Every structure is written in structure tokens, then in C-alpha cells.
Amino acid sequence: MAEKKLSGAGLRGQSAGDTSLCTVGKSGSGLTDAHPMDVMRTGASFLGNLEPENDFSEQNKAANRLLAAFPAIMVYWYKFSHDGVEIDCTSDEDSIGGHFLRLLNGSTPSEQHRRVMDVSLILYAEHEFNASTFTARVCASTLSDMYSCITGAIGTLRGPLHGGANEAAMDMIQKFTSPADAKEQMAGMLERKEKIMGFGHAIYRTSDPRNVIIKAWSEKLAAENGDTSLYDISVACEEFMWDSKKLFCNADFFHASAYHFMGIPTKLFTPIFVCSRLTGWAAHVMEQRTNNRIIRPSADYTGAEPRKVVAIADR
Ligand SMILES: CC(C)(COP(=O)(O)OP(=O)(O)OC[C@H]1O[C@@H](n2cnc3c(N)ncnc32)[C@H](O)[C@@H]1OP(=O)(O)O)[C@@H](O)C(=O)NCCC(=O)NCCS
């Protein structure tokens with residue numbers, strides 16, 4: 001598109017000050033920089049606008065539509081905004097994981113990669129009353145629609161203390177140059193009281209049973225890739241955190257290297273979690289609806305005690 005020349009009256013085209021807010025379509029900033037989780041959240045909400053769940057008899061249809069659409073929402077946005085490529089959103093893959101890999105790479109995935117995606121999506125699918133699931137249930141308890149419940153859950157999963165940990169773990173391990181460097185840098189992080197992403201869990205106390213499974217796949221993928229660094233660094237992180245703080249890897253930590261070895265961009269790690277956890281969220285929404293009472297806890301008041309107020313006439 002030809003550049004529009006801005007000049008003339010009304011200070012058109014002249015700078016009148018500084019601002020870091022930008023939504024006028026300047027390339028490389030503003031709306032084009034969307035966070036992928038915002039894309040997923042908006043995608044869920046928008047689908048709810050196009051195809052509303054008119055009554056609860058349509059709940060399975062709503063959940064299935066979201067399940068089918070999420071990989072395409074994520075990969076279409078990624079390919080178009082990053083590479084300017086408009087992908088075909090259909091494939092003849094018969095699993096969500098295979099379909100996702102096909103859209104991402106534009107080629108038929110290997111059996112091993114299909115299997116890892118299946119395992120990963122199963123590991124992430126459901127996990128009791130975690131923060132995002134509880135958000136979905138609170139929303140469902142008001143008798144709201146499926147799309148609103150899922151949209152709220154995505155917003156909750158977005159935070160680094162929940163679903164965002166796999167991306168943060170990847171960013172961290174990529175900065176380490178060797179297992180020894182990892183241990184040294186992590187010691188500094190602990191000293192500075194920084195949270196180390198991919199470690200610890202709100203409920204598990206000694207291990208996360210999902211870790212051993214995804215760790216084994218990460219090791220296999222490292223061998224397939226001829227990796228001599230990232231997997232060993234990850235193992236060094238695991239050893240160091242256990243030895244120094246008795247903190248263990250949660251499901252997110254080895255997901256980081258496993259996804260990386262399959263060529264998945266880090267930005268898509270948390271949106272993949274959405275594609276999986278959607279099944280758990282939807283099941284919880286359905287369960288909440290079968291035996292519903294609005295979730296409305298109480299709070300312990302810690303504010304000021306009642307104060308004596310002198311009437312204006314008596315002051
Ligand atoms: C998951 C998480 C939010 C659970 O929080 P929590 O229930 O408050 O954690 P715990 O009660 O087990 O914490 C015990 C202590 O270990 C510390 N700790 C827990 N996880 C830690 C981590 N990943 N890095 C450094 N220190 C950690 C806590 O700060 C706390 O220290 P304190 O007693 O000095 O305050 C927390 O472990 C965390 O932030 N992990 C990193 C994010 C992450 O991987 N999230 C994905 C979860 S599946």
C-alpha cells in the first residue's frame with residue numbers, strides 16, 4: 001500500500017509529543033505484536049460471538065468447536081503475523097497433536113512427533129481445581145456460557161506462575177551455556193530470591209508425576225536431534241534444584257526442551273497448553289452445571305474498625 005503523505009492543517013504529520021501507546025498500525029509495533037495467549041483468548045471469545053451456545057444442550061458442540069479451532073487459530077496467527085504466510089487450516093491428521101504439527105510445519109509429522117504431542121496433550125489435559133479450571137468453574141456457577149468460561153480460564157492460564165512457566169523455563173535454559181554454568185547461574189537466582197520457572201508445585205510436595213514421562217520423551221528427542229547441550233543443561237538444573245532446595249521439576253520444565261527439539265517456537269508453548277487443558281476446563285464446566293450452586297466465598301475483614309463520625313452540625 002502506498003505511503004499516505006501527512007501534512008497540512010491541524011498539525012497533520014507533525015510530532016506534538018511522545019507516547020509509547022501505539023494502535024495506529026505502525027508496522028512492527030502495536031497490534032501486530034500481540035501475545036499469542038491474547039490471540040487464543042480473543043479467538044475463544046470471538047467464536048462465542050459467531051456461534052453462541054444458546055442453551056446448555058449445545059455444550060458438547062461448543063467444546064468440540066473450540067477443540068477443533070484452537071490449533072488453527074494459534075498457527076494461522078503465528079504464520080501470518082511472523083512470516084506473512086496464510087496457511088491452509090485443514091489437514092487429514094486424525095489427532096489434535098498431529099493436526100497442530102501439520103499446520104505448523106506444512107508437512108506430515110513423524111510418528112514419534114505425533115506420539116510426543118499426544119502424550120503432552122494428555123499430560124496437560126486436566127488437573128483438578130488448578131487456578132484456570134477454578135476460574136472456569138466460578139464463571140460456570142453463574143450459569144454463564146461455555147465460551148465465557150473458557151475465555152476466563154485462558155486469561156488465568158496466561159500467567160507465568162501457571163501455564164506460562166514452560167515458556168519462561170525455555171528462555172532460562174537457553175541462556176545457560178553448560179551444565180556448570182546452569183548451576184552457577186541458578187545459585188545466583190536463588191540467592192536473589194528469584195522464582196525458577198518449571199520448578200515446584202502448589203499441591204505436590206516431592207515430585208510431579210508428569211515430569212518423569214515428558215523428561216523421557218525430551219531425552220529421546222535430544223538423541224533424535226543430536227543435541228549435546230540443552231538436555232544435559234536441563235538435567236543439571238533438575239539436580240541442582242533438588243540438591244539445594246528440594247524443589248522438583250513440574251510438568252512444564254522438560255516440556256520446554258521437548259517442544260524445542262520438535263521445532264515448536266517458544267511463543268506457542270502456552271497456547272498448546274490451552275489446546276489441551278480446554279478438555280479439562282470443558283469437563284469441569286459440564287460437571288459444575290450438573291450440580292450447581294453459585295460459588296461465592298466469604299472474606300475475613302481486615303480493614304479499619306468502625307469510626308465515630310461527629311455530625312457536621314456538632315463540629
Ligand atoms: C507453583 C508455585 C506457584 C507453587 O507456589 P507455592 O504453593 O506458594 O509454593 P510452596 O509453598 O511449595 O513454596 C515453598 C517455598 O519454596 C519456594 N519456591 C517454590 N517454588 C519455587 C521456585 N520455582 N523457585 C524458587 N523458589 C521456589 C517458595 O518461594 C517458598 O519459599 P519461602 O518459604 O521462603 O517463601 C511455585 O512453586 C512457583 O512459582 N513455581 C514456578 C512457576 C511454575 O513453574 N509454575 C507452574 C506450576 S505447574
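Nothing here was measured: the structure is a model prediction, and the numbers come from that model.

Chemist: Looking at this structure, how should I read the nonpolar core?
Modeler: Soluble, globular proteins show a tendency: their nonpolar side chains are buried together. One finds Phe70, Phe100 and Ile264 to be the most contacted residues of the largest nonpolar core, which totals 78 residues. For isoleucine 264, the residues in contact, after removing those within four places along its chain, are Phe100, Leu101, Leu104, Met117, Tyr259, Phe269 and Ile272.

Chemist: Any chance you could explain unusual backbone geometry here in plain terms?
Modeler: Peptide bonds are mostly trans, and most non-glycine residues show a negative phi. In the Ramachandran plot, leucine 143 falls in the positive-phi region, its phi being about 70° despite a non-glycine side chain. If you check the backbone angles, lysine 193 has positive phi at about 60° while not being a glycine. Tracing the backbone through its elements, the reader meets lysine 193 in the loop between α8 (179–191) and α9 (209–225).

Chemist: Is there a simple way to explain the packing of helix α7 (residues 165–175) against helix α11 (residues 251–261) in this structure?
Modeler: A pair of packed helices is characterised by two quantities: the angle between their axes and the separation of those axes. For the pair α7 and α11, interaxial distance at closest approach is 8 Å and the crossing angle is 70°. Overall, the two elements α7 and α11 adopt an arrangement that is roughly perpendicular. Judged by the twist between their axes, the crossing of α7 over α11 is right-handed. Contact residues: α7 offers Ala165, Asn166, Ala169, Met170, Met172, Ile173 and Gln174, while α11 offers Asp252, Phe253, Ala256, Ser257, Tyr259 and His260. Here the residues of the contact of α7 with α11 are counted per class, giving eight nonpolar, four polar and one charged.

Chemist: How should I be thinking about the domain arrangement of the chain in this particular structure?
Modeler: Frequently, the measure chosen for interface size is the accessible area removed from exposure when the parts meet. Per the domain assignment, the segments making up the chain are domain 1 (36–162 + 266–290) and domain 2 (165–261). Averaged C-alpha coordinates put domain 1 and domain 2 at centres separated by 25 Å. Between domain 1 and domain 2, the contact holds 21 residues from the first and 21 residues from the second. Across the domain 1/domain 2 interface, buried area totals approximately 2,000 Å², and carbon plus sulfur atoms make up 60% of it. If you sort the residues of domain 1 by the area they bury against domain 2, Leu123, Tyr124 and Phe269 come out on top, with a joint share of 32%. Put simply, domain 1 and domain 2 have zero salt bridges between them. Between domain 1 and domain 2 we count twelve residue pairs in polar contact (both at pLDDT 80 or more) in total. Of all the secondary-structure elements, those providing two or more residues to the side of domain 1 that touches domain 2 are α4 (111–123) and α12 (269–290). At eight residues, α4 tops the list of elements feeding residues into the side of domain 1 that touches domain 2.

Chemist: In this structure, what is going on with the site of the ligand? I would like to understand it.
Modeler: Near the ligand there are 17 residues, and of these Leu161, Ile196, Gly198, Phe199 and Asn250 occur at the shortest range. Residue leucine 161 places a main-chain N or O atom 3.0 Å away from a nitrogen atom belonging to the ligand. A distance of 3.0 Å is found between an oxygen atom of the ligand and a side-chain nitrogen or oxygen belonging to arginine 205. When the ligand sits alone it has 860 Å² of accessible area, and the protein chains cover 62% of it. When residues of the shell around the ligand are assigned to domains, at least three fall in each of domain 1 (36–162 + 266–290) and domain 2 (165–261).

Chemist: Quick question: what am I supposed to make of α7 here?
Modeler: Owing to its 3.6 residues per turn, the α-helix brings residues three or four apart onto one side. All of the buried residues along α7 are Ala165, Asn166, Glu167, Ala169, Met170, Met172 and Ile173. In this fold, the buried residues of α7 make contact with α8, α10 (230–245), α11 and α12.

Chemist: Would you explain the pattern of salt bridges in this entry?
Modeler: One side chain can pair with another of opposite charge once the charged atoms of both are near each other. If you walk through the whole model with that rule in mind, you get twelve salt bridges. Lysine 79 is the partner of aspartate 83 in a salt bridge, and the nearest nitrogen-oxygen pair spans 3.8 Å. One end of the pair, aspartate 83, and the other, lysine 79, are both in helix α2 (residues 59–83), four residues apart, so they sit about a helical turn from each other. Residue aspartate 83 is classed as partly exposed on the basis of its relative accessible area, which comes to 46%. What you see here is one network of salt bridges that share partners, running through Asp38, Arg41 and Arg158.

Chemist: Can you walk me through the confidence of the model for the chain in this structure?
Modeler: Close reading of the predicted structure is inappropriate where its pLDDT is low. Per-residue confidence for the chain gives a mean pLDDT of 93; residues scoring 70 or more make up 95%. Long-range and interchain partners of residues 27–31, a stretch whose pLDDT sits below 50, account for five contacts in this model, where long-range means more than four residues apart.

Chemist: Can you walk me through the side chain of arginine 114 in this structure?
Modeler: Looking at where arginine 114 falls in the secondary structure, it is placed in helix α4. The buried category is assigned to arginine 114, whose relative accessible area is 19%. At 2.6 Å, the side chain of arginine 114 and the side chain of glutamate 93 are in polar contact.

Rules of the game
Residues numbered from 1 in each chain as written. Predicted model: local features only at pLDDT ≥ 70, side-chain atom pairs only at ≥ 80, totals over all residues. Heavy atoms only, no water. Core = buried A, V, L, I, M, F, W, Y, C linked by side-chain atoms within 4.5 Å. Buried < 20%, exposed > 50% of the residue type's maximum accessible area, 1.4 Å probe, protein only. Contact = heavy atoms within 4.5 Å. Helix = DSSP H or I, 4+ residues; strand = E, 2+ residues; numbered from the N terminus. Axes fitted to C-alpha atoms, helices over the stretch in contact; angles between N-to-C directions. Parallel < 35°, antiparallel > 145°, perpendicular 65-115°, else oblique. Left-handed = near helix turned anticlockwise from the far one by under 90°. Nonpolar A, V, L, I, M, F, W, Y, C, P; charged D, E, K, R; others polar. Domains from an automatic or database assignment. Buried area = accessible area lost by both parts, 1.4 Å probe. Salt bridge = Lys/Arg side-chain N within 4 Å of Asp/Glu carboxyl O. Polar contact = N/O pair within 3.5 Å; in protein donor to acceptor, adjacent residues only side chain to side chain. Near = heavy atom within 4 Å. Areas by Shrake-Rupley, 256 points an atom, 1.4 Å probe, with all protein chains shown as cover. pLDDT = per-residue confidence, 0-100.

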